[in-house]
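# Structure assessment
Chain by chain, the residues:
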There are 2 protein chains.
Amino acid sequence: MAEDVILLDAWASMFRMRTRIALEEKKVKYDYREQDLSNKSALLLEMNPVHKKIPVLVHNGRPVCESLIQIEYIDETWPGENPLLPSDPYERAQAKFWADFIDKKLNVPAWRVWATKGEDQDASKELIEILKRLESELGDKHYFGGEMFGFVDIALIGFYSWFGVYEKYGNVSIESECSKLIGWTKRCLQRESVVKALPESEKVTAFISERRKSLGLE
Amino acid sequence: MAEDVILLDAWASMFRMRTRIALEEKKVKYDYREQDLSNKSALLLEMNPVHKKIPVLVHNGRPVCESLIQIEYIDETWPGENPLLPSDPYERAQAKFWADFIDKKLNVPAWRVWATKGEDQDASKELIEILKRLESELGDKHYFGGEMFGFVDIALIGFYSWFGVYEKYGNVSIESECSKLIGWTKRCLQRESVVKALPESEKVTAFISERRKSLGLE
């Protein structure tokens, strides 16, 4: 049967980047449908009635929601090429732990850094602490899972497109604070899947500058 | 090799109940170590240095943290008896979605209902809405996954021990608002794993009454 794969998406979201990277790693062909989040489509509301959020992966008419769940689904549905999660249960649990850590700990300070009027020094400090914690988990490994590009890399790399935003509005230098992590982003950016999924940093920064103006933050 | 399984635990937490139910379903023998959360043990801090929270499952000396990740780990490590997640990738993704929904949507209102001075009517209303949403997902099924007791049931049933707390401090009747969900709790309570893991409702209510006093909430 021909696969019917649709991704309901919004280009600047680091979460949709995850799903796109996973699909690209598996070489799955998909139809990409940009969503206007200020005017949600009937399809989005039908496919994610609970959270009404992107990304939504629609596979043969059935929706899968939440980006980390989508990556696992993609890995299980197209298991052949480029495994995204380790096969060992303990290593799988560790990968899930760090991806969950990113969602629980990084999102809020990363958002506060740009979405606050004036400078939110606590958010900047917390953001750097979380990135340093992740860097310490990375250690001297090539990717978070070792030699294999996978789940945690995919969960984190989308934030790289936003580093310019964090540096500009958080008044921090991620490059000087977390040089090993920057080395890791460069390795990730050698992968075609990542290059295809990540928008240019400058485009995200310009978008957030406009967004801040429309929110009356500057 | 003899299995060495330790559960770092605190009896009233609905999260540790999940891990315990999963271990009981798999008939895994484990050593249960109650933790004093006001004076965290060196073992807890060593085994969960990131979040410093229970439950922690320590298997042959290696820690697995976060209750939903622990259930998956238990299911993958002891796959023979009573599968906890469906084998079909789409059904697995759906089960993970609803367990994630419980963690993202139910925890906060459930906590606010008792941890607020006076009555938090918004929290009570939200709590009932979330429970009704879950009840609608349950529909006429025996368990959330159909005939098979599994991931979503385990993620939710621990809250049942707290229903008395929610009714007392939230001034709601879960029984009259969500009668189908109460029917489901009764089916779950026929399982030995659930009976073993859940403390008595009265004990949780007495504990929270003391906790509210110590926090100056009453």
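Residues numbered from 1 in each chain as written. Chains lettered and ligands numbered in written order. Predicted model: local features only at pLDDT ≥ 70, side-chain atom pairs only at ≥ 80, totals over all residues. Heavy atoms only, no water.

Moving on, we get to the domain arrangement of chain A. Residue and element names in this part refer to chain A. Taken as a whole, chain A is organised into domain 1 (5-77) and domain 2 (89-214). Listed per partner, the contact involves 16 residues of domain 1 and 27 residues of domain 2. Both sides together, the interface formed by domain 1 and domain 2 hides about 1,800 Å², and carbon and sulfur atoms give 69% of it. Looking only at domain 1, the three residues that lose the most surface to domain 2 are Trp 11, Met 14 and Ile 21, adding up to 33% of its buried area. (Domains from an automatic or database assignment. Contact = heavy atoms within 4.5 Å. Buried area = accessible area lost by both parts, 1.4 Å probe.)

Turning our attention to the relation of the copies chain B and chain A. Between chain B and chain A, the superposition needs a rotation of 180 degrees and an axial shift of 0.0 Å, giving an RMSD of 0.0 Å. Such a turn and shift between the copies fits a two-fold axis. Residue by residue, 100% of the interface of chain B is reproduced at the interface of chain A, so both copies engage with the same surface. (Least-squares fit on C-alpha atoms with pLDDT ≥ 70 in both.)

The subject of this paragraph is the sheet that holds strand E1 (residues 5-9) of chain A. Paired through backbone hydrogen bonds, the strands of a sheet run either parallel or antiparallel to each other. Residue and element names in this part refer to chain A. On the basis of which strands lie adjacent, the open sheet formed by four strands has the order E2-E1-E3-E4 and mixed pairing. Both edges of this open sheet fall to strand E2 (31-34) and strand E4 (62-65), since each of them pairs with a single strand only. Pairwise comparison of adjacent strand axes, ignoring direction, gives a mean angle of 20 degrees for this sheet. Two strands pair when backbone bridges link them, and E1 and E2 are joined in this way by four bridges, in the parallel orientation. In the sheet register, Leu 8 faces E2, and the bridge partner there is Arg 33. (Pairing = 2+ DSSP bridges. Helix = DSSP H or I, 4+ residues; strand = E, 2+ residues; numbered from the N terminus. Axes fitted to C-alpha atoms, helices over the stretch in contact; angles between N-to-C directions.)

This paragraph deals with the packing of aromatic side chains. Within the structure shown, the criterion is met by 20 aromatic pairs over all chains. Relative to Tyr 166 of chain B, the ring of Phe 163 of chain B has its centre 6.3 Å away and its plane inclined at 50 degrees; by these criteria the two rings are tilted. Placement of the pair is Phe 163 of chain B and Tyr 166 of chain B together in helix H7 (residues 163-170), with a separation of three residues, close to one helical turn. A connected cluster of aromatic rings, assembled from ring pairs, spans Phe 97, Trp 98 and Phe 101 of chain A. Its guanidinium or amino end placed over the ring of Trp 11 of chain A, Lys 203 of chain A lies 4.2 Å from that ring's centre, counting from NZ or CZ. (Phe/Tyr/Trp six-rings, centres within 6.5 Å; stacked < 30°, edge-to-face > 60°. Lys NZ or Arg CZ within 6 Å of the ring centre and 35° of its normal.)

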